[in-house]
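Fold and contact review
If you want the building blocks of each chain, they are given just below.
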Amino acid sequence: MRYRHRTTLTLALGVVLLVDVLRVFLPAVITIFGQAASTPAELLGAFALGWFVLALAAPALIRRVGARPVALVAAVLLVAARLAVTGQPGGRLQLWLATAGLLAGLVWLAGVAAATHRPAPGLALGLALGAILHTALDTYRLGFLGSWQSWLAAGLVGGLFLAGQTRPAPPAGPGGVRSWLLAGPALLLAGMVALSPAVARTATTYQFGLLRSHPGDEVGVATVPLLGPAPVAVAVGGFLLAALASPRRGAWRWLAPAALVAGAVLFALERGELLLPAVLLAAAGLGGCLASAGAADERDTPAAGSTEGTDAAGFAVVDGGTADPGRAAGRRAYAAVAGMLLFAVAAVLYYAAYDLGHPNAGMPVAVAVLVAAVALAARPAVGPVPSPLPPVRTAAAATALALVAAIASDELLSASNRDGPPDTVRVAAYNVRMGFGTDGRFDPDALARAVAGADVVALSEVDRGWLLNGGHDTLDLLAERLNMPYVFAPAADPLWGDAVLSRWPLDGARTRPLPAVGAPTGAQALGVTVDLGDGVRLAVVATHLQPPPGQGPVVQARAVADFALRYAAGRPLVVAGDLNTEPGDPAFAEFTRAGLVDALAAARPLPTSPADDPRQQIDHVFVTPDLGAGDPVAPRGTASDHLPVAVTLTLPPA
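Predicted model, so just to flag it, every value in this text is computed and none were measured.

A look at the overall build of the chain
On a plain count of helices and strands, the chain comes out with 21 helices and 15 strands. Relative to the compact-globule value of 26 Å for 654 residues, the chain shows a C-alpha radius of gyration of 26 Å, a close match. Scored against the burial criterion, the 654 residues of the chain give a buried share of 58%. For the chain, the computed accessible surface area is about 23200 Å², with 63% contributed by carbon and sulfur atoms.

Considerations on the nonpolar core
Grouped together as the largest cluster of nonpolar side chains are 152 residues, with contacts concentrated most on Phe-25, Leu-195, Phe-239, Phe-343 and Leu-459. The greatest single-element share of this core, amounting to 17 residues, is contributed by helix α1 (residues 3-33). Beyond its immediate chain neighbours, meaning those up to four positions away, Leu-459 contacts Tyr-430, Val-432, Leu-475, Leu-478, Asp-498, Ala-499 and Leu-501. Counting 35 residues, the second-largest nonpolar core is a separate cluster that includes Val-221, Ala-489, Val-647 and Leu-651.

Observations concerning the sheet that holds strand β12 (residues 597-598)
The strand order across the open sheet built from six strands is β8-β9-β10-β11-β13-β12, with neighbouring strands paired in mixed fashion. The open sheet has two edge strands with one neighbour each: β8 (506-513) and β12. Pairing between strand β10 (residues 536-544) and strand β11 (residues 573-578): six bridges, direction parallel. The residue bridging Val-541 from the neighbouring strand is Val-575, located in β11. Along the sheet, helix α21 (residues 586-593) contacts β11, β12 and β13 (619-623); its crossing angle with β13, the most-contacted strand, is approximately 20°.

As for the sheet that holds strand β1 (residues 222-223)
If you trace the seven strands from one edge of the open sheet to the other, you get β1-β6-β7-β5-β4-β15-β14, paired in mixed fashion. Two strands bound the open sheet, and with one partner strand each, they are β1 and β14 (628-633). Pairing of β1 with strand β6 (residues 486-493) involves two bridges; the strand directions are antiparallel. Its bridge partner lying in β6, Ala-222 is registered against Phe-488. Its contacts with the sheet put helix α19 (residues 474-482) on β5 (456-463), β6 and β7 (496-502), and the angle it makes with β5 is roughly 155°.

Side note on unusual backbone geometry
Along the chain, Arg-604 connects to Pro-605 via a cis peptide bond; the corresponding omega equals -5°. Within the fold, Pro-605 resides in the loop between β12 and β13. Residues other than glycine seldom take positive phi values, yet Glu-270 does so here, at roughly 55°. Unlike most non-glycine residues, Glu-461 shows phi in positive territory, near 55°. Structurally, Glu-461 is set in strand β5.

Things to note about the side chain of His-642
Inspection of the secondary structure assignment puts His-642 in the loop between β14 and β15 (645-650). A polar contact is formed between the side chain of His-642 and the side chain of Asp-619, at a distance of 2.8 Å. Excluding its chain neighbours within four sequence positions, the residues that come into contact with His-642 are Tyr-430, Asn-431, Asp-578, Thr-608, Ser-609, Ala-611, Ile-618 and Asp-619.

Here's the deal with the pairing of β6
With eight of eight residues buried, β6 lies mostly within the body of the structure. The pairing of β6 with β7 spans six bridges and is classified as antiparallel. Note on β7: the bridge partner recorded for Tyr-486 is Leu-501. Counted between consecutive antiparallel strands, the loop separating β6 from β7 contains two residues.

About the cut-offs
- Once a new chain begins, its residue numbering starts again from 1 and follows that chain's sequence as written.
- In keeping with the predicted nature of the model, local features appear solely for residues at pLDDT of at least 70, side-chain atom pairs appear and are counted solely at 80 or more, and the whole-chain, interface and lining totals rest on all residues.
- Side-chain metrics rest on all non-hydrogen atoms present in the structure, leaving aside hydrogens and water.
- Numbered from the N terminus, helices here are DSSP runs of H or I no shorter than four residues, and strands are runs of E no shorter than two.
- C-alpha atoms define the radius of gyration, and 2.2 Å times the number of residues to the power 0.38 defines the globule rule.
- When a residue's accessible area, from a 1.4 Å probe over protein chains only, is under 20% of the maximum for its type it is buried; when over 50% it is exposed; and in between it is partly exposed.
- Note on areas: these come from Shrake-Rupley sampling with a 1.4 Å probe, and a residue is covered only by the protein chains present in the view.
- The nonpolar core is taken to be a set of buried Ala, Val, Leu, Ile, Met, Phe, Trp, Tyr and Cys residues, with the residues joined through side-chain atoms within 4.5 Å.
- The contact criterion used is simple: two residues touch if any of their non-hydrogen atoms lie within 4.5 Å.
- By this definition, two strands are paired if DSSP reports at least two bridges between them.
- Working convention: axes come from line fits to C-alpha atoms, limited for helices to the stretch in contact. Angles between N-to-C directions cover 0 to 180 degrees.
- Each polar contact in these results corresponds to two N or O atoms within 3.5 Å; when the atoms are within protein, one needs to be able to donate a hydrogen and the other to accept it, and residues that are neighboring in sequence are counted only if both atoms are side-chain atoms.

Shown next as structure tokens:
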């Protein structure tokens, strides 16, 4: 294998491993270090950022020891930590293993940066390969599977990576600072929107869902899509084609930066119907910006005919003299770590807004503007820039692989109970905490077992692609395991909200945002109608009340009760979800005052939170008096930080 091919592929595999570790580290900080929101958001942010700041010491270490030995040792530790995480899918040990892997990955990145002047093709290929792998796994994380397939895949990637890392790299020129600085921001934008299969799937559920929301709704609903995550194949192909091709010149240079910023703006508008164009524009624009930065790096390479080598520290030597006596290599190393620090700061500021309440919509736009500015400020090389990989063939192959992965990983969901109407319906409500249990393990199989036997399920805290939580589409993973179609309504943003799953067909979906009343995280009420056959219909309203600091969610409870009664229009009605209020509280009384009945009353007290030591009764099912309630339970388990509640409802006579 040629030097340029091997170097590009080795860097790409390292990026895949680093992103893989990050997808474990970020949710572990929230669910394990954060202890179910009991740790202040400021402390969480400081813990996460501290490791990226610590990595700023790596360039000094490289200067003393040498780039190659530091990169090699860090690569071994990265692979070891990645394999260890597979054997530890939860618990505090997982957090520390992921943290060790993250720090090793950052040091490895600095070591590779010191000795590599043109990283853009390898970075782009790594981000694309990571997206394809994540698509093939149906957005599941390898580190949480714990099966022999996980060990095989992690071992194969790690082995190939180490094999490439042990071979000496070609000598580096003095360029590369721009591309390395963009590594972290590119990783953030790729994981948040441009190359996320979960975001691509969610985008299609808004754009091509099989059930439309009411035209009068302020926000739309998302339902089972026709195309699944297939658009990620277009995004991956467009990204790689733009990243590997020679960048445009003249006025055309503005095209990729404009597309990237436009995609980030569409994403920041937080409208479900805008997600798909946001993904495609951001992917193509991000690839083009990496190409522009890489072309400028190529301009800084040594002239043809010069004699190249490396000194004892691993820095480039040209024409017998030290053309880069450590300053250019040091700048590259610092740029790589600084770029990853930008990734961490932007991610913390963006996602902490849902706890602290500060505006965050401009954060991805600001990162996109930074990337665009670096790309536009770079003066491209004169003439075409050779690529270590053929752009068209590489992009076509990646598109085909991503499309096959999308089709193979997707399942068709259909309502199975169509003979109705039944005499009884089993209803469950479950706050799934983005799919993470009390031990920090992501386990959709355990979530599915917790609500097994239910005919209708109302879900709260559903995550459909937040990078902070690993980039999973929790709703799709759970719906496939239950074989139940769904309707999803956004609350915090188009990727986080509430859902209703049903074994019977659903229609008439409507959603209403609830008054914020000082609560930082958004809330909504989702109404859907369950068609039980022969004209028998059941209205279901799913919600997750978000109380203002130090108060109860009285205003939101009143708004939900009013919306639910108007939506039901005299039909049997169920209101279910995490209501963050207990029997006897003023917010609880708003539902009973509206004429609804506590369906779990026969089993009181029925605490549901926290799951490992339940003390609070905050998850509820309310019904209209014409529905009989029996067998109310809160099955024990730790697949989430809440217990589910379930009750069998007897339908009124036809």
